[in-house]
Amino acid sequence: MKKYFAFFRLRFFMGLQYRAAALAGVATQFAWGFFMILGFCAFYEADAASFPMPLSATVSYIWLQQAFLHFFSVWGMDNEIFDLIINGNIAYELCRPIHIYSMWFARGIAGRLSGALLRCFPILMITPFLPEPFAMLPPASGMHFGLFLVTLVMGLAVTIAICTLVYMLAFFTISPQGLRTFICSAVELLAGAVVPLPFFPERIRFVAELLPFASMQNAPLRIYSGSMTDYEMARAVGLQLFWLIVLLMAGRALAHAAEKKVIIQGG
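Residues numbered from 1 in each chain as written. Predicted model: local features only at pLDDT ≥ 70, side-chain atom pairs only at ≥ 80, totals over all residues. Heavy atoms only, no water.

(A) The arrangement of the side chain of Q65 in detail. Within the secondary structure, Q65 is located in helix 3 (residues 55–67). Take Q65: its relative accessible area is 5%, and that puts it in the buried class. Within the local environment of Q65, its side chain forms a polar contact with the side chain of Q217, the two groups lying 3.2 Å apart. Residue contacts for Q65: discarding those within four places in its chain leaves M36, G192, A193, Q217 and L221. (Helix = DSSP H or I, 4+ residues; strand = E, 2+ residues; numbered from the N terminus. Buried < 20%, exposed > 50% of the residue type's maximum accessible area, 1.4 Å probe, protein only. Polar contact = N/O pair within 3.5 Å; in protein donor to acceptor, adjacent residues only side chain to side chain. Contact = heavy atoms within 4.5 Å.)

(B) Layout of the environment of P198. Within the element layout of this structure, P198 appears in the loop between helix 9 (177–190) and helix 10 (202–210). Not counting the four nearest positions on each side in its chain, P198 is found in contact with P52, M53, R205, N218 and R222.

(C) Structural context of helix 5 (residues 79–87). For helix 5, the set of buried residues is I81, F82, L84 and I85. Taken down its axis, helix 5 places every buried residue within 155 degrees of arc, on the same side. For helix 5, the elements touching its buried residues are helix 6 (90–94), helix 7 (100–126), helix 8 (142–170) and helix 9. Capping the start of helix 5 is the job of one residue whose side-chain oxygen sits 2.9 Å from the backbone nitrogen of E80: D78. G88 sits one or two positions beyond helix 5 and adopts a positive phi of about 95 degrees. (Arc of directions from axis to C-beta.)

(D) The arrangement of the pattern of salt bridges in detail. Going through the model one piece at a time under the given rule, you end up with six salt bridges. For the salt bridge of D78 with R107, the shortest nitrogen-to-oxygen distance reads 2.7 Å. Of this pair, D78 sits in the loop between helix 4 (69–72) and helix 5 while R107 sits in helix 7, and the two are 29 residues apart along the sequence. Summarising the burial analysis for this pair, D78 and R107 share the class buried. Where E80 meets R107, a salt bridge forms, and the shortest distance between an N and an O atom there is 2.5 Å. Placement of E80 in helix 5 and of R107 in helix 7 is noted, with a sequence separation of 27 residues between them. (Salt bridge = Lys/Arg side-chain N within 4 Å of Asp/Glu carboxyl O.)

This is the structure we're talking about:
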C-alpha cells in the first residue's frame, strides 16, 4: 500500500504545478457556466412549471458541475497510459513489482484531485455572491451537504473505475480510439453532463439512472440542491456502491487477463 500512496503523492504534487492551465480552465468554466444558465433561463421563462427541477436547483447543478468538472470528465483520460499500451512501453510497467490496475487507479485519483483543487475554489467562492438568477444556493440542509460530500467521493471513484476499465479494454484492441470515443460520448450524455437526467423523458431517465454513469456527477450534484427525495437519495447511494464494486471487480479481472496474455507489438 505504501508504494501506491507514494505514487499517488508524486502524481498529486505534479498536477498542482499546472497553475496557468488551471487559471485558463477556471475562466473557461465560468464562461461556459454563464452560457448554460442563460440557455436554461430562456426555457424556464417560457414555462417554468413544466420542468422537473426549480431554476435555482438547476443553476446550482451547473456551477457544481463546472467546479468539479475535473472529477467527472471521462474525456480527460490519461493519454500517457494509452501511449504506453500502443507503443509497447507497457512492458516496462509490467516489469515493476506492482499491480498495474492499482497503480493506474491511484494515478487517476491523484490527477483528478489535484486538477479539481486548483479549479473548484474560485467557482465555489464567487458564484454564491452572483446576482439572481446566476447565484449558486447553499445546500438544502446539513444532511444534504454531508451526503453530497460522501457521494462526491464515491462518484469520483466510479469515474476512475470506468476510466481504468477503458485502459484495460485497450489491451485487447489494436487502437483504443474508437472505444474511447464511444465511451466518452455515452458518458457525457447518460451521466447528466449535457443536461441533468431529470430533464430526460421518463422512460429514458428511468433506465439512465440505473446505469453506472448516473453514479458519477448526477447523484452528488442533485443531492446538494435537494432535488431528490429521501428514497431517491438512498437508491442513488446504493447504486453508487453497487456499481463501484462491479466496476472494480471487472477492471481487476481484465487486468489479470491482460497481464497473462499481453503481446507487445510496438516499441
